[in-house]
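The lines below spell out each chain.
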Amino acid sequence: MMKISEIVVASNNRHKIAELNTFISRYFPDVKLLSLADIGFFGEIEENGATFEENALIKARTIASLGHVAVADDSGLMVDALGGDPGVYSARYAGEPCNDEKNNDKLLFNLKDVPAERRGAKFVSVIACAFPDGKTLTSYGECSGTILLERRGDGGFGYDPLFFYEPMKKTFAEMNENEKNSISHRARAMAAFAEKLHGELI
């Protein structure tokens, strides 16, 4: 049986940290959540993996090597008509530094000749947890939708204004926090992760 009192969220993305904090506190209310700043880590972690899982594990293992239980997410958008791009390059699709507006502009440009019926896409999230002893857990979640011809909604981040979720007739950017957190790729990955971690704690 393993006991965990603290988990470090291995990310510098404030939007992603906020969502992970929401899920972790929901499933593990007695666990204290720490940021990278809380543990004095201010470096950049190079995400050079070829898959979401590899990148999530790189981040989690980097922090676990410092003696912490760490959880990390790597996520992105995969567009059918673009062969799965932008994929692991979602955050830096339009180049460095990362910029949501430029990424969305590039996505719309690359899909300008693609009709509505061929604009299928999915958001993918992989949650990784790494322990100081080298043990790791990973979980996967996805949410399918379509890419609109123009942005809709003022909420969310990343590609949320372009990603339309048919069952709710809304883009992710038009959803409130509770709506998005009930169906998102990260919510689904986190639910699967919570089940795995609970198994370790029992």
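In this text, all values refer to a predicted model and were calculated from it rather than measured experimentally.

1. A closer look at helix α1 (residues 14-27)
In step 1: Taking 1.5 Å of rise per residue, 14 residues should cover 20 Å, and α1 covers 20 Å from first to last C-alpha, within 8% of that figure.
In step 2: Restricting attention to buried positions, one finds in α1 the residues Lys-16, Ile-17, Glu-19, Leu-20, Phe-23 and Ile-24. End-on view of α1: buried residues confined to an arc of 165°, all on one side of the axis.

2. Things to note about the side chain of Thr-171
In step 1: Tracing the backbone through its elements, the reader meets Thr-171 in strand β7 (residues 170-171).
In step 2: Those residues in contact with Thr-171 that sit more than four places away from it in its chain are Leu-148, Arg-152, Asp-160, Pro-161, Phe-163 and Phe-164.

3. Comments concerning the packing of aromatic side chains
In step 1: Counted according to the given criterion, the structure contains three aromatic pairs.
In step 2: Summarising the aromatic geometry, the rings of Phe-123 and Phe-163 are spaced 4.4 Å apart at their centres and angled 45° between planes, so their arrangement reads as tilted. One end of the pair, Phe-123, is in strand β4 (residues 120-130); the other, Phe-163, is in strand β6 (residues 163-165), with 40 residues separating them in the sequence. For the pair Phe-123 and Phe-163, a shared accessibility class is recorded, and that class is buried.
In step 3: Here Phe-123 and Phe-172 contribute two aromatic rings whose centre-to-centre distance is 5.4 Å and whose plane-to-plane angle is 25°, an arrangement assigned as stacked. You can see Phe-123 sitting in strand β4 and its partner Phe-172 sitting in the loop between β7 and α4 (177-183), a full 49 residues away along the chain.
In step 4: Looking at Phe-172, the relative accessible area reads 0%, which means it is buried.
In step 5: The rings of Phe-123, Phe-163 and Phe-172 are connected pair by pair, giving a single aromatic cluster.
In step 6: Across from the ring centre of Tyr-93, 4.5 Å away, lies the NZ or CZ of Lys-106, which sits over that ring.
In step 7: Over the ring of Phe-109 we find Lys-112, and its NZ or CZ is 4.1 Å from the ring centre.

4. Details of the environment of Tyr-89
In step 1: Inspection of the secondary structure puts Tyr-89 in the loop between β3 (70-79) and α3 (100-110).
In step 2: According to the relative accessible area criterion, Tyr-89 is partly exposed, its value standing at 48%.
In step 3: For the pair formed by Tyr-89 and Thr-51, sequence separation is 38 residues and the distance between their alpha carbons is 9.8 Å.

5. Details of the pattern of salt bridges
When charged atoms on two side chains of opposite charge get close, those side chains can pair.
In step 1: Evaluated as defined, the whole model comprises 13 salt bridges.
In step 2: Between Lys-180 and Glu-19 there is a salt bridge whose closest N-O contact spans 3.1 Å. One end of the pair, Lys-180, is in helix α4; the other, Glu-19, is in helix α1, with 161 residues separating them in the sequence. Here the two residues Lys-180 and Glu-19 agree in accessibility, since each one is buried.
In step 3: Among the ionic pairs, Asp-113 bridges to Lys-112, the shortest N-O distance being 4.0 Å. Considered together, Asp-113 and Lys-112 belong to a single accessibility category, that of exposed residues.
In step 4: Salt bridges sharing partners connect three or more residues here, namely Glu-19, Asp-73, Asp-160, Lys-180 and Arg-186.

Cut-off values and rules
- Residues numbered from 1 in each chain as written.
- Predicted model: local features only at pLDDT ≥ 70, side-chain atom pairs only at ≥ 80, totals over all residues.
- Heavy atoms only, no water.
- Helix = DSSP H or I, 4+ residues; strand = E, 2+ residues; numbered from the N terminus.
- Expected span 1.5 Å × (residues − 1).
- Buried < 20%, exposed > 50% of the residue type's maximum accessible area, 1.4 Å probe, protein only.
- Arc of directions from axis to C-beta.
- Contact = heavy atoms within 4.5 Å.
- Phe/Tyr/Trp six-rings, centres within 6.5 Å; stacked < 30°, edge-to-face > 60°.
- Lys NZ or Arg CZ within 6 Å of the ring centre and 35° of its normal.
- Salt bridge = Lys/Arg side-chain N within 4 Å of Asp/Glu carboxyl O.

Geometry only, nothing functional implied.
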